Amino acid sequence: MNYTKNYHLPQWDETDRIMRTDFNQMCAGLEDGMTENAQGAAEAKQNASALDRKVLDRLRRLAYNHYSAVQDMEPVPWQVGVFHQNPAKDGTGVTSAPLLNGVYYAGKNPAGTSLGSGSSYMQEVAQMTLVKNNLAACTTLQTDICVPANAYVNRIGMSGNISGNVPNTSFPVRLTLTNLDTGETEAVRLLDMAQTLGTGSMGNDFYNCFLTFYANQRYRLQMEPLAAVFTGDMRLQSFDNQTPLILAPGALPLSASHTMKVHEESSGGLLVVRGLVHGGTLTASWDGRTVPLHTTRMVQIPDGRMVREMVYCRDETIPAETTFSLRFDAGESGAFLFYDWGAVLL
């Protein structure tokens, strides 16, 4: 009996008997070889798929980093396959929402909702104490706040006593508003609380500070002194007619739409939305189809506010003319603070 050169398969001559052992060994060898080839092909396909996914993930990262680098430029430079819109500066395509303090803010409260005494929503945890020229000995103001409706304030009031101050000396304070129910910080502000008094009692000093509160969410407002320019104490005043809580405006639903035209098809892309959502439903659509949320995180925008950045992905061929849209439906008592949005094509 003869055998093939490379795989030693039997080659019977006319006079050879076909032996069962030889035949079974040949078939078993063929089976093993074909199985090994099939496994190799599957592994190669899997490896290629993993490589494609890795390349796509890296393209996404590059696209996201590029978008992040340009989104806060003034003005945003024109580029192929990129758009960015801050509705406070260009409301084209944005409907049914009022503009408040540089953001679109839309909310809904049950019919007949009203706000009673502001003092009932606040509980002082600790007042701010100050020791001149000894920042380490100073303490942070802490006040817990829970409002039974979607509401906002445009300013806060402070009172207290001071001594040893050089009038109008800069007194920087960091304000943070943390949602105790989610654990997320929703606002960070740097305020200059410089005082005109040298020594005496402060009346109601007012500081512009746009803050939003979502219905029945527990918040902690903190005010941390960043300098020790006088000795004294300061506390947050209750919301009153000079620092009123204002119910969220009820113009709903909020919607936005933008169409982008490029010279050729794209292989995918990212849609990025920044804002705060409480209750209700925020839907992102791309060419009329809902796109899934890919990732999300809290980020600080240039004016110091904290917002949620929501990134949506599309992994398929995208036509040269493509349309993005947003819609927020508040449901029974939802609210949406809409800062900006944009997209980048791959």
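Residues numbered from 1 in each chain as written. Predicted model: local features only at pLDDT ≥ 70, side-chain atom pairs only at ≥ 80, totals over all residues. Heavy atoms only, no water.

A. Up close: the nonpolar core. Core analysis: the largest hydrophobic core is formed by 53 residues, its most contacted members being L211, F213 and M223. With sequence-adjacent residues up to four places away left out, L211 is seen in contact with A151, Y152, V153, I156, L175, L177, A187, R189 and L221. L254, V262, L271 and L326 belong to the second-largest nonpolar core, a separate cluster that totals 27 residues. (Core = buried A, V, L, I, M, F, W, Y, C linked by side-chain atoms within 4.5 Å. Buried < 20%, exposed > 50% of the residue type's maximum accessible area, 1.4 Å probe, protein only. Contact = heavy atoms within 4.5 Å.)

B. View of the pattern of salt bridges. For the structure on display, the rule yields 14 salt bridges. Here R174 ties to E224 by a salt bridge, and the two come within 2.8 Å at their closest N and O atoms. With R174 in strand 11 (residues 172-179) and E224 in strand 14 (residues 218-225), this residue pair connects regions lying 50 residues apart in the sequence. The class of E224 is partly exposed, set by a relative accessible area of 33%. A salt bridge links E321 to K261; its shortest N-O distance comes to 4.0 Å. Taken as a pair, E321 in strand 23 (residues 321-329) and K261 in strand 17 (residues 254-261) lie far apart in primary sequence, 60 residues in all. What you see here is one network of salt bridges that share partners, running through D287, R289, R314 and E316. (Salt bridge = Lys/Arg side-chain N within 4 Å of Asp/Glu carboxyl O. Helix = DSSP H or I, 4+ residues; strand = E, 2+ residues; numbered from the N terminus.)

C. Seen up close, unusual backbone geometry. A positive phi angle, close to 60°, is found at N216, a residue other than glycine. Relative to the elements of secondary structure, N216 occurs in the loop between strand 13 (200-213) and strand 14. With a phi angle near 55°, D287 is a residue other than glycine that sits in the positive phi range. Along the polypeptide, D287 turns up in the loop between strand 19 (281-286) and strand 20 (289-290). With relative accessibility at 28%, the residue D287 sits in the partly exposed group.

D. Inspection of the packing of aromatic side chains at higher detail. Applying the stated criterion across every chain yields a total of 10 aromatic pairs. Look at F171 and F230: their rings are 5.0 Å apart centre to centre, the planes differ by 65°, and that puts the pair in the edge-to-face class. Pair noted here: F171 is in the loop between strand 10 (151-163) and strand 11 and F230 is in the loop between strand 14 and strand 15 (231-236), with a separation of 59 residues, a long-range link. With a relative accessible area of 1%, F230 lands in the buried category. The ring of F206 carries the charged tip of R155 above its face, separated from the ring centre by 4.1 Å. (Phe/Tyr/Trp six-rings, centres within 6.5 Å; stacked < 30°, edge-to-face > 60°. Lys NZ or Arg CZ within 6 Å of the ring centre and 35° of its normal.)

E. Quick peek at the sheet that holds strand 11. Read across the open sheet, the 5 strands follow the order 7-9-14-11-12; overall the sheet is antiparallel. At either end of the open sheet lies a strand with only one pairing partner, and these are strand 7 (122-126) and strand 12 (184-192). Shown here is a sheet whose adjacent strand axes are inclined to one another by a mean of 20°, direction ignored. Alignment of strand 7 against strand 9 (residues 141-146), held across 4 bridges, turns out to be antiparallel. (Pairing = 2+ DSSP bridges. Axes fitted to C-alpha atoms, helices over the stretch in contact; angles between N-to-C directions.)

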